[in-house]
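The primary structure of each chain is shown beneath.
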Amino acid sequence: MNYRFIIGLLFLFIIGCSQQQKKASSLLDFIPQNAAVIVKINNLNGFKSDLKNNDFLAKLESFGVYKPVFNEIKHLDHVKSETESILSFSELGADNFEFTYVTSDNTNTFVLDSVQNIKKESVLIEGQEVDKYDLDGDILYCLSLNGKMTISSSRVILENLIKYFEQPKTSTELEKLYEIASATKNASIFINLQKSESLSKSLLKENSALKVSLFSDWILLDVNANQNRINLNGISIAKDSIKH
């Protein structure tokens, strides 16, 4: 018996398993490369409470481009998760933002018992079975892949996720910021300044010449919110600030 051959096969098997585990362990692997805003959620219930009860966020919900963004995530009320999760927004078309939500795969993640008008069907996307939901006229897609549950308002986003999943796409800048983000706040926000021009313009004065993407690539903001105020503490980072 060729023991070297057997040992070689075992070595390749161990390496392959470790690579798959590494791939499955990172929530960032499931986020679109063109995401404008990424929210790392440590406490989903606390995050939902902040969105509902904070006066500033309540006003922002009905403001310009943010109105459809908040409307998109209303169905997150049906999501149950006790572990770290990520919510991201990607601009697909002018001022059209689609969301992607990723958490650890669990059969009780998406609870829809309280939804009256619901339709569900299974569709194939890039060879993967995906659940398609029609919730009161809003279409959502739910994918179970590599131990994670991904919910998105966009079929295109899931198509790209499945098709290019094995290709590394997370930027070094984002990975660095993600490592130092608070693990105790309800949420931390990562803003890709190269992909969020329409969002930043909505907060600036009309015809403002300020272009925030000239100053940095990514911004990290740890969020501390209550009913009357919201505190944002964080840092910005540019490619030139990272040594390779």
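The rules we used
Residues numbered from 1 in each chain as written. Predicted model: local features only at pLDDT ≥ 70, side-chain atom pairs only at ≥ 80, totals over all residues. Heavy atoms only, no water. Buried < 20%, exposed > 50% of the residue type's maximum accessible area, 1.4 Å probe, protein only. Helix = DSSP H or I, 4+ residues; strand = E, 2+ residues; numbered from the N terminus. Pairing = 2+ DSSP bridges. pLDDT = per-residue confidence, 0-100. Contact = heavy atoms within 4.5 Å. Lys, Arg positive; Asp, Glu negative; His and termini not counted. Salt bridge = Lys/Arg side-chain N within 4 Å of Asp/Glu carboxyl O. Phe/Tyr/Trp six-rings, centres within 6.5 Å; stacked < 30°, edge-to-face > 60°. Lys NZ or Arg CZ within 6 Å of the ring centre and 35° of its normal.

1. Digging into the pairing of strand E2 (residues 85-91)
Reasoning step 1: Burial of E2 is extensive: six of the seven residues sit out of reach of the surface.
Reasoning step 2: Of the strand pairs in this sheet, E2 and strand E3 (residues 97-104) are connected by six bridges, and their pairing is antiparallel. Residue pairing for E3: Ile86 is matched across the bridge by Val102.
Reasoning step 3: Connecting the antiparallel pair E2 and E3 is a turn made up of five residues, with Gly93 showing a positive phi of about 95°.

2. Remarks on the confidence of the model for the chain
Low pLDDT marks regions whose predicted coordinates should not be analysed in detail.
Reasoning step 1: Mean pLDDT over the chain stands at 78; residues scoring 70 or higher make up 73%.
Reasoning step 2: Across residues 5-24, where pLDDT falls below 50, the model places 10 contacts with residues more than four positions away in sequence or in other chains.

3. Focus: the side chain of Glu98
Reasoning step 1: Along the polypeptide, Glu98 turns up in strand E3.
Reasoning step 2: The buried charged residue Glu98 lacks any salt bridge partner; its closest oppositely charged side chain belongs to Lys74, at an N-O distance of 13 Å.
Reasoning step 3: Residues contacting Glu98, with those up to four places away along its chain left out, are Glu72, Ser88, Phe89, Ser90, Leu92, Ser153, Ser154 and Ile157.

4. Some details on the pattern of salt bridges
Reasoning step 1: For the coordinates displayed, the defined rule picks out three salt bridges.
Reasoning step 2: Note that Lys120 and Asp131 form a salt bridge whose closest N and O atoms lie 4.0 Å from each other. Of this pair, Lys120 sits in strand E4 (residues 118-125) while Asp131 sits in strand E5 (residues 128-135), and the two are 11 residues apart along the sequence.
Reasoning step 3: Between Glu159 and Arg155 there is a salt bridge, with its nearest N and O atoms 3.1 Å apart. Pair noted here: Glu159 and Arg155 are both in helix H5 (residues 155-163), with a separation of four residues, about one helical turn.
Reasoning step 4: What makes Glu159 partly exposed here is its relative accessible area of 26%.
Reasoning step 5: By relative accessible area, Arg155 is classed as partly exposed at 32%.

5. Quick notes on the packing of aromatic side chains
Reasoning step 1: Within this structure, the stated rule accounts for three aromatic pairs.
Reasoning step 2: Measuring from ring centre to ring centre gives 5.3 Å for Phe110 and Tyr133, while their planes differ by 85°; the resulting arrangement is edge-to-face. Of this pair, Phe110 sits in the loop between E3 and E4 while Tyr133 sits in strand E5, and the two are 23 residues apart along the sequence. With respect to burial, Phe110 and Tyr133 carry one shared label: buried.
Reasoning step 3: With a centroid separation of 5.6 Å and 25° between ring planes, the pair formed by Tyr178 and Phe190 is classed as stacked. With Tyr178 in helix H6 (residues 172-180) and Phe190 in strand E8 (residues 187-192), the pair connects residues that are 12 residues apart, well separated along the chain.
Reasoning step 4: If you follow Lys40 out to its NZ or CZ, it ends over the ring of Tyr178, 5.1 Å from the centre.

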